[in-house]
Amino acid sequence: MTLTARPAWKALEAHCAAVGATHLRTLFADDPDRGERLRSEAAGLYVDYSKQRVTDETLRLLRALADECQLRHRIDAMWRGDKINTSEKRAVLHVALRAPRGSSIELDGENVVPNVHDVLDRMGTFARGVRDGSWKGHTGARIKNVVNIGIGGSDLGPVMAYEALRWYANRDLTLRFVSNVDGTDFVEATRDLDPRETLFIISSKTFTTLETMTNAQSARAWALNILKDQSAIARHFVAVSTNAAEVAKFGIDTENMFGFWDWVGGRYSMDSAIGLSTMLAIGPEHFRELLDGFHMMDEHFHTAPFENNLPVILGLLTIWNCNFLGAATVAVLPYAQYLKRFPAYLQQLTMESNGKHVTLDGASIAYETSPIIWGEPGTNGQHSFYQLIHQGTRIVPCDFIAFSKSLNPIGNHQELLMANVFAQTEALAFGKMADQVKAEGTPDWLVPHRVFEGNRPTTTILADQLTPATLGALIALYEHSVFTQGVIWGIDSFDQWGVELGKALAQQIAKELGAADTTATTHDSSTNALMRRYRNAR
Ligand code: G6Q
């Protein structure tokens, strides 16, 4: 049955027509306790969704929709190792990456958890060696710099986690991340580094990705330019990949390769060996805590009733906002400078997972799928784009993320930071009405400009402190929320066919740009003219 024909969907449409426009002021006035009731807590995260434009009936109907879409069954299928990534015929088992030692998650009858821990143990031994200086560079010098080369899922997670957990990082190691095929990325990342003290992690699931392989070749040339000796590669390059053959071809000893598996999607891989840079920065023990945080949220998602299941609630609220209230985007607003790359990470996680136009069986979709995710840390955003969120013509649901205790408590910064979180969510929900504005003595002509309509939906996620474990729980919260949304929309959240066309065309065009005959006119008139212009200018 198509989603929009389901009884719960129809009931939600009728419900939305009846109460969807009810102002949050009314919802709070009629139900003064909703702030105490519409909240839930798990794995160290307190989530207040009372400032979403929902009633108990909305939530009941959304859960009915989840039941009709067999969410419970699909969660179980994921844990069972079913090939729920149907278009790529793959299981989706990132939950196994953080399963505790001794537990069991099976794929085709085989427990995959021991393999996960074998790799974690090897990563741990390697990371300790680099951190304590016993792993030396080719000339005997200690490794002081680590450069992760990877892109997409092999970059965004590592960058985000490094920034997020910087407080826990070994400051004797300099971490850099190179992703873009723009040579500037590599050159700027390495210009002040000494190859004798630099370790490259080539992170690529396939080990064939154009950008990563191009940067890896440049890294090798850069290193050999000083180190001279091919055998130096073994001390300065390690690989994280599923493709041992290509790793060996590149010249990296597979002894120095850390593996993962085809059941780990790129954007779900930051807690696999792809997290090697994270482990080098924060150490194996903190990395373990990160995995424990993920696992706590996994357990909660797997077992908690939907009424207080955080990923389910957040996923269903996204359905409500996007498909019924008509929101097209979600702003992610971490009030934590360390989470500055978290919105970018969530962009990939959400939009690559759920930006789909057909259902699992290939039928076209006649409802909206993934919202557009964007955001910046607060309070910075308040001085730029919040204007639109407060007074623009569009609804922008916001996720506010905050931590009660600062890792860097100086002066009254933390109090001011938190005051701003609470102020923003209150202002967005309740606004400021014309009579209030007038009562302040505002001249009549200015009143409309100073009115805030309010009724702007927000969720607040509050944790005690930014720790490896809270970060893990936070990421898993979004991972499973994204899955919940995908189940409702009936799509494959784990493939990414949409990146293929541009990749293939770029390969073709790269050949043409390199060809001797520069008159190629195989494209449309716009592309041909751009290529001509570039050729003449280069
Ligand atoms: C993520 C995507 C994509 C992928 C990159 C890098 O889910 O599949 O972002 O991670 O294209 O791929 P490799 O790790 O294979 O280089």
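Described below are features of the structure shown in this document. This structure is a prediction, so every number in the text was calculated from the model and none was measured.

Rules and cut-offs
Residues numbered from 1 in each chain as written. Predicted model: local features only at pLDDT ≥ 70, side-chain atom pairs only at ≥ 80, totals over all residues. Heavy atoms only, no water. Helix = DSSP H or I, 4+ residues; strand = E, 2+ residues; numbered from the N terminus. Rg over C-alpha atoms; globule rule 2.2 N^0.38 Å. Buried < 20%, exposed > 50% of the residue type's maximum accessible area, 1.4 Å probe, protein only. Contact = heavy atoms within 4.5 Å. Areas by Shrake-Rupley, 256 points an atom, 1.4 Å probe, with all protein chains shown as cover. Pairing = 2+ DSSP bridges. Axes fitted to C-alpha atoms, helices over the stretch in contact; angles between N-to-C directions. Near = heavy atom within 4 Å. Polar contact = N/O pair within 3.5 Å; in protein donor to acceptor, adjacent residues only side chain to side chain. Nonpolar A, V, L, I, M, F, W, Y, C, P; charged D, E, K, R; others polar. Parallel < 35°, antiparallel > 145°, perpendicular 65-115°, else oblique.

**Details of the overall build of the protein chain**
Along the backbone of the protein chain there are 22 helices and 13 strands. Expected size for 538 residues packed as a compact globule is a radius of gyration near 24 Å; at 25 Å, the protein chain falls within 12% of this value. Counting over 538 residues, the protein chain shows a buried share of 53%. Residue pairs at least 24 apart in sequence account for 74% of intrachain contacts in the protein chain once pairs closer than 6 positions are excluded. In the structure as shown, the protein chain presents an accessible area of about 23200 Å², 52% of it carried by carbon and sulfur atoms.

**Here we look at the sheet that holds strand β13 (residues 458–463)**
With mixed pairing, the six strands of this open sheet are ordered in space as β1-β2-β13-β12-β10-β11. Whereas interior strands pair on both sides, the edge strands pair on one side only; in this sheet they are β1 (39–42) and β11 (372–374). Adjacent strand axes in the sheet meet at a mean angle of 15° when their direction is disregarded. Helix α17 (residues 413–430) rests against β12 (398–403) and β13 of the sheet, and its axis sits at about 155° to β12.

**Quick notes on the sheet that holds strand β8 (residues 237–241)**
Read from one edge of the open sheet, five strands run β6-β5-β7-β8-β9, paired in parallel fashion. Looking at the sheet topology across the chains shown, the edges are occupied by β6 (174–178) and β9 (257–259). Each neighbouring strand pair of the sheet contributes to a mean axis angle of 20°, computed without reference to strand direction. Pairing geometry for β8 and β9, over three bridges, is parallel. Across the sheet, V240 pairs through a bridge with F258, a residue of β9. Across the sheet, helix α6 (residues 113–132) lies against β7 (198–203), β8 and β9, angled at about 145° from β9, the strand it touches most.

**Side note on the site of the ligand**
If you check the shell around the ligand, you find 13 residues, and the closest are S154, S204, T206, T209 and Q348. Within the backbone of G153, a nitrogen or oxygen atom sits 2.9 Å from an oxygen atom of the ligand. The separation between an oxygen atom of the ligand and a polar side-chain atom of T206 is 2.6 Å. Considering the ligand on its own, with 410 Å² of exposed area, one finds that the protein chains cover 85% of that surface. Classifying every residue of the shell around the ligand gives one nonpolar, nine polar and three charged.

**A look at the packing of helix α13 (residues 284–303) against helix α14 (residues 310–324)**
Between α13 and α14, the least distance of the axes is 7 Å, while the angle of their chain directions is 75°. The pairing of α13 with α14 is recorded here as roughly perpendicular in orientation. Where α13 approaches α14, its residues M297, H300 and F301 are matched on the opposing element by L310, P311 and V312. A class-by-class count of the residues in the contact of α13 with α14 yields five nonpolar, one polar and no charged.

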